[in-house]
Number of protein chains: 2
Amino acid sequence: MATLRETGEFGLITKLAQTIGSTTRLLVGIGDDAAAWHQPAAGMVATTDMLVEGNHFDLALTGWHDLGWKALAVNLSDIAAMGASPSFAFVSIGLRPETRAEDVIDLYAGMRALSDESGCFVGGGDTVSVRSEIVLNVTVLGSVPVGESDTLLRRDRGRPGDVLAVTGTLGGSAAGLRVLQRGFSSSISVAPPLAAQLIEVHRRPQLRLAAGAALRRVGVRCAMDVSDGLLADLGKLCAASGCGATVHAASLPLHPALRDADPEHARAWAAAGGEDYELLFAAPAAVWRAAAAALAAVGVPVTDIGRLNAERGVRLLDERHQELRPAQTGWDHFA
Amino acid sequence: MATLRETGEFGLITKLAQTIGSTTRLLVGIGDDAAAWHQPAAGMVATTDMLVEGNHFDLALTGWHDLGWKALAVNLSDIAAMGASPSFAFVSIGLRPETRAEDVIDLYAGMRALSDESGCFVGGGDTVSVRSEIVLNVTVLGSVPVGESDTLLRRDRGRPGDVLAVTGTLGGSAAGLRVLQRGFSSSISVAPPLAAQLIEVHRRPQLRLAAGAALRRVGVRCAMDVSDGLLADLGKLCAASGCGATVHAASLPLHPALRDADPEHARAWAAAGGEDYELLFAAPAAVWRAAAAALAAVGVPVTDIGRLNAERGVRLLDERHQELRPAQTGWDHFA
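Residues numbered from 1 in each chain as written. Chains lettered and ligands numbered in written order. Predicted model: local features only at pLDDT ≥ 70, side-chain atom pairs only at ≥ 80, totals over all residues.

Engineer: I keep staring at the overall build of chain A and nothing clicks. Help me out?
Structural biologist: Along the backbone of chain A there are 10 helices and 12 strands. Overall, chain A is about 65 × 55 × 35 Å in size when its C-alpha atoms are taken along their principal axes. At a minimum sequence separation of 6, the contacts of chain A that also span at least 24 residues come to 85%. (Helix = DSSP H or I, 4+ residues; strand = E, 2+ residues; numbered from the N terminus. Contact = placed C-beta atoms within 7 Å.)

Engineer: Hey, could you run me through the environment of Arg 131 of chain B in this one?
Structural biologist: Of note, Arg 131 of chain B is situated in the loop between β4 (121-129) and β5 (135-145). Given 13 C-beta atoms within 10 Å, Arg 131 of chain B falls into the partly exposed group. It is 7.8 Å that separates the C-alpha atoms of Arg 131 of chain B and Leu 95 of chain B, two residues lying 36 residues apart in sequence. Apart from the residues lying within four places of it in its own chain, the contact partners of Arg 131 of chain B are Gly 54 and Glu 133 of chain A together with Arg 96 of chain B. (Buried ≥ 20, exposed ≤ 12 C-beta atoms within 10 Å, placed from the backbone.)

Engineer: Where do I start with the packing of helix α2 (residues 64-80) of chain B against helix α6 (residues 209-217) of chain B in this structure?
Structural biologist: Packed helices, taken two at a time, are described by their axes: the angle between them and the distance between them. Residue and element names in this part refer to chain B. Interaxial distance between α2 and α6 falls to 8 Å at its minimum, and their mutual angle equals 10°. Taken together, the axes of α2 and α6 are roughly parallel relative to one another. Between α2 and α6, the contacting residues are Leu 76, Ile 79 and Ala 80 on the first element and Leu 209, Ala 211 and Gly 212 on the second. Each residue belonging to the contact of α2 with α6 can be placed in one class, and the counts come to five nonpolar, one polar and no charged. (Axes fitted to C-alpha atoms, helices over the stretch in contact; angles between N-to-C directions. Parallel < 35°, antiparallel > 145°, perpendicular 65-115°, else oblique. Nonpolar A, V, L, I, M, F, W, Y, C, P; charged D, E, K, R; others polar.)

Engineer: I'm lost on the nonpolar core in this one. Help?
Structural biologist: Of all hydrophobic cores here, the largest spans 230 residues; its most connected members are Leu 198 of chain A together with Leu 198 of chain B. Once residues within four sequence positions are removed from consideration, Leu 198 of chain A is found in contact with Gly 172, Ala 175, Gly 176, Val 179, Val 190, Ala 257, Leu 258 and Ala 261 of chain A. (Core = buried A, V, L, I, M, F, W, Y, C linked by C-beta atoms within 7 Å.)

Engineer: Would you explain the sheet that holds strand β1 (residues 35-39) of chain B in this entry?
Structural biologist: The mixed open sheet is built from five strands, whose spatial order is β4(A)-β3(A)-β5(A)-β2(A)-β1(B). Sheet topology places β4 (121-129) of chain A together with β1 of chain B at the edges, where each strand pairs with a single neighbour. Neighbour-to-neighbour, the strand axes of this sheet turn through a mean angle of 20°, independent of strand direction. Inspection of the sheet shows strand β2 (residues 42-52) of chain A paired to strand β5 (residues 135-145) of chain A by 11 bridges, in the antiparallel sense. Paired with Met 44 of chain A across the two strands is Ser 143 of chain A, which belongs to β5 of chain A. (Pairing = 2+ DSSP bridges.)

Engineer: I tried to follow the pairing of β1 of chain B on my own but got confused; where do I start?
Structural biologist: Where a strand is regular, its side chains alternate between the two sheet faces. Most of β1 of chain B is tucked away, with four of its five residues classed as buried. The pairing of β2 of chain A with β1 of chain B spans five bridges and is classified as antiparallel. Bridge assignment links Val 45 of chain A to a residue of β1 of chain B, and that residue is Ala 36 of chain B.

Engineer: Teacher, can you tell me more about the interface of chain B and chain A here?
Structural biologist: Accessible area lost on assembly of the parts is the figure often given for the size of an interface. Across the boundary between the two partners, chain B contributes 64 residues, which contact 64 residues of chain A. Those elements giving two or more residues to the side of chain B that touches chain A turn out to be α1 (4-20), β1, β2 (42-52), α2, β3 (85-95), β4, β5 and β7 (222-226) of chain B. Looking at the side of chain B that touches chain A, its residues break down into 30 nonpolar, 21 polar and 13 charged.

Engineer: What's the story with the domain arrangement of chain A in this structure? I'm lost.
Structural biologist: Residues and elements named next belong to chain A. The assigned domain composition of chain A is domain 1 (4-150) and domain 2 (155-324). Contacts between the two partners involve 15 residues from domain 1, matched on the other side by 19 residues from domain 2. Looking at which element gives the most residues to the side of domain 1 that touches domain 2, the answer is helix α2 (residues 64-80), with nine residues. (Domains from an automatic or database assignment.)

Engineer: Where do I start with the sheet that holds strand β9 (residues 278-283) of chain B in this structure?
Structural biologist: Residues and elements named next belong to chain B. Across the sheet, seven strands lie side by side as β7-β9-β6-β10-β8-β11-β12; this open sheet has mixed pairing. Where the open sheet ends on each side, the last strands, each with one partner, are β7 and β12 (323-324). By the bridge criterion, five bridges tie strand β8 (residues 244-248) to strand β11 (residues 313-317) in an arrangement that is parallel. Residue pairing in the sheet places His 248 in a bridge with Leu 317 of β11. Taken strand by strand, α6 contacts β6 (163-167), β7 and β9, and its axis lies near 10° from that of β9. Against the sheet, helix α7 (residues 230-241) makes contact with β7, β8, β9, β10 (302-309) and β11, and its axis sits at roughly 155° relative to β7, the strand it touches most.

In structure tokens form, the structure reads like this:
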């Protein structure tokens, strides 16, 4: 039950290094000025995400182990959205001195579990002290084989006429968070088994690394991950690609537990919820058919949800082709 | 004078991307899920550092521009300490919504200035909101030519009998910080011109990238940068190398302004001050002579300060070979 004030920075680092494990892929690991490895020629990618307590997570709702898992998962989602394979993660954490060392070890054990699953090794990091909010920053490196850099999935490669599609289901994560925040007596009154399913979706977003790689291999060139809500993220894809989009609300793939728990608002959750970590992509019809087949082969559901078009703006249409205007279309961190 | 609440996250990112500039070295830059580039085969290194307001910096003492410069500089110092060349930096920042956008742009301009000087391009990042302490995380990648990974400078390559040496001067940065913190009426009463010099040393640590590369090329294999104070960092080098060290206090290279400002305590500042960002290295005598010549060729002063030896522990000796015990030997972030 020792706190960090008692174990000290260097005692903590020794324990975290043990939790992370070692790998022959690193020439120099934790404990030197930098990590080092032999890097073959490659198309390399890098992404970084900062998670702040009270903003991105609440330790009353998310356990330390889950937080570690998720901090790595959100970065792996960005690597998946490029169609790349992850290699190394670098983790910085700002902790209060009164934090218990075993909680921090639990957090790193959560990262280790996902590290083992994804092949993304935690190669190093930094531990510092904060007075108030805990902060976690993860940078992940990934790659595609040399000569394949041109095939990376990008936000700016969509073209009018492309089929717009999304993997998996939407809305479950945001609904799960709401259940956690408000409990069972909230605006969505959810039966306990459904509540548990939604919470699990929020707690453990699926990894789409195999799906991203499959999309890239069959010739998809435009994709991103859905983290801020489908419509908000689609707006970014459209802005980058210089086009607009039409989405059919009836086509949105709803998480089954969400559909059962809150049928009235399920589409709104799916359209604007956030933290789905599914892949949104656009491709010409022939490539879309190949993509659907490739995703079926790796066991990942996929749904045609609309089209990109030349007219700017993102429009969400109901069955009668009337435009719907969801109240909330994603997150602006400073708004 | 717009605040981030007014500009919004995406308005801010657009301005920051303009400040950072663009480079043909990136295939995919800011605005996609990840940055991407062609990476030739290399010995690659990566380092990451988190800076927390009130712990690592105080905006009453450090301007936004200087903070940006320094956040990148401390990471470049780690790259220098491996003998590598930096390539890309990834920057995450947690800001209060009431922060002025122009201050954040000033911070990125500070990074840009050092980016131009060092060839380390800011390839991407993340901007999030915090309620209290501002947090800045920088991850820097670097490399040595393929086949030269074995020559990286490491903390665990010191051997008993090695000459122990340090670049530049010590103590000036810590004394400069103290002047900033306590003003001119502090325990060190410093004449204004000297105070200004010390503050400048703290504000703008020199870059030792050329020195690190030169050390590696002449066959030095053991080095680290001095960030937590000479004795504390030397303790880490010795622990990693499984040896001890003897340092001659009279040999410590004192910053001239420190020597003039506080002659009585100058050695203590040099031995334990911190934030020097000089390179501490150990090498057999013949390699040390080559290193001294190579550093002279790149215009970097260097001083023989002692020896590594088989007996564990770090001993600081005065002119009569009596052991000195400085009150403070560096920083433990949770102590």
